[in-house]
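# Examining the three-dimensional arrangement
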Amino acid sequence: MKDLARDLGVSVSTVSRALSGSAMISAELRERVVSYADSKGFTPNALASRLRRTNVQPTKMIGVIVPEIVHYYFSTILSGIESEAHSHGYNLLVAQSNESYEREVEICQRFMELRVCGVIVSQAKDTTEYDHFCRLMDNGCRLVFYDRICTGINASRVVVDDYDAAFHAVSHLIETGCKRIAFFGSRPNMEITKNRYNGYADALLQAGLPIDDELVINCDTGAQATELIPTIFGPESTLSAPPDALFCINDDTAVSAVHALKRMGIAIPQKVSICGFANDNLSSACDPQLTTVEQRGKEVGRLAAEILISQVEGEDPDPRPIKRIVRTNLIIRGTTREIK
């Protein structure tokens, strides 16, 4: 506000009153101040405003954006972030984007107003523009992506090896005798979808199996799987032949596929093998238990918080973004056959 006051030739208190909409300032001057502040990208510091009226000292605060807290994987990541942050005396502000780009933009703006020292984020499915992330960094806020990353922004990130995990999972399905494997994926704009699809495709090619586009299906929720399974395996299916295996981008989709196939009387894994991705609580609770990729969410969250805190505190002398890859494990259970 001092900079704005200097540029406009008015007092700091005048700028403060104008930005707060005070009636003590004329409408013309208020509009001039607000317009100039907007042109300079000024963001009010809501935390500082409150602190002026209290004796509370500012805290070390990290903003965390989660697409959906109800998902097991994201909740385990959040647990890892909180544990690491707590050990260094940091607190968390957690917000849920609900897979909405608009909501994600609002959260980033609010985090800037509250002057968090950094943000750890997994982008929403809807996000295809990244100006809100750039604004965070332009305002001096450290940024670390996890799981779903933005390749167009040069920021630190922590991911699992999606390609390698998918390659080994699909290779396992092939080793058990599956030849017509469907890929239940998510939106193609997301890096995790691209990487898991590439692992899926390369496993097929290495085994000399064709990549059939009709088996690459946009299905990444339990509700979608419940609706799609009857159309794929039912008498009215438009496929040239039904798949003998499903590689699903997450466990929610895979478990729902198990339930839907059982309702149709299709034997698992004798007729259809299924592999998920996450190793959440549902994977060991369904019948048969789900073969799946263990993503190690707590370790992803811990590393993301560790990187952010080291950057905030200046412990890492290298200014370049840090990239960490967490290895996965394939957990073989009852939804896949024994290797022939």
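I will try to describe carefully the structure that is included in this document. (Residues numbered from 1 in each chain as written. Predicted model: local features only at pLDDT ≥ 70, side-chain atom pairs only at ≥ 80, totals over all residues. Heavy atoms only, no water.)

## Things to note about the pattern of salt bridges
The full count for this structure, using the stated rule, is 15 salt bridges. The partner of Asp-162 in a salt bridge is Arg-196, with the nearest N and O atoms 2.7 Å apart. Of this pair, Asp-162 sits in helix 8 (residues 162-175) while Arg-196 sits in helix 9 (residues 191-206); the two residues are 34 residues apart in sequence, bridging distant segments of the chain. Both residues of the pair, Asp-162 and Arg-196, count as buried. (Salt bridge = Lys/Arg side-chain N within 4 Å of Asp/Glu carboxyl O. Helix = DSSP H or I, 4+ residues; strand = E, 2+ residues; numbered from the N terminus. Buried < 20%, exposed > 50% of the residue type's maximum accessible area, 1.4 Å probe, protein only.)

## Looking at the environment of Arg-110
If you trace the backbone, Arg-110 turns up in helix 6 (residues 101-113). For the pair Arg-110 and Gly-63, spaced 47 residues apart in sequence, the C-alpha to C-alpha distance is 9.7 Å.

## Observations regarding the packing of aromatic side chains
Under the criterion given, the structure shown has 9 aromatic pairs. Connected via pairs of aromatic rings, a cluster forms that spans Phe-183, Tyr-197, Tyr-200, Phe-247 and Phe-277. Sitting over the ring of Phe-277, Arg-196 keeps its end group 3.7 Å from the ring centre. (Phe/Tyr/Trp six-rings, centres within 6.5 Å; stacked < 30°, edge-to-face > 60°. Lys NZ or Arg CZ within 6 Å of the ring centre and 35° of its normal.)

## A few points about the pairing of strand 6 (residues 181-185)
The side chains of a regular strand alternate between both faces of the sheet. The buried count for strand 6 comes to 5 of 5 residues, which makes it a mostly enclosed element. What you see with strand 6 is no split at all: Ile-181, Phe-183 and Gly-185 on one side and Ala-182 and Phe-184 on the other are buried throughout. With 4 bridges joining them, strand 6 and strand 8 (residues 245-248) adopt parallel strand pairing. Bridged to Phe-184 within strand 8 is Cys-248. Where strand 6 and strand 7 (residues 216-218) come together, 3 bridges link them in parallel fashion. Bridge pairing in strand 7 places Gly-185 opposite Asn-218. (Pairing = 2+ DSSP bridges.)

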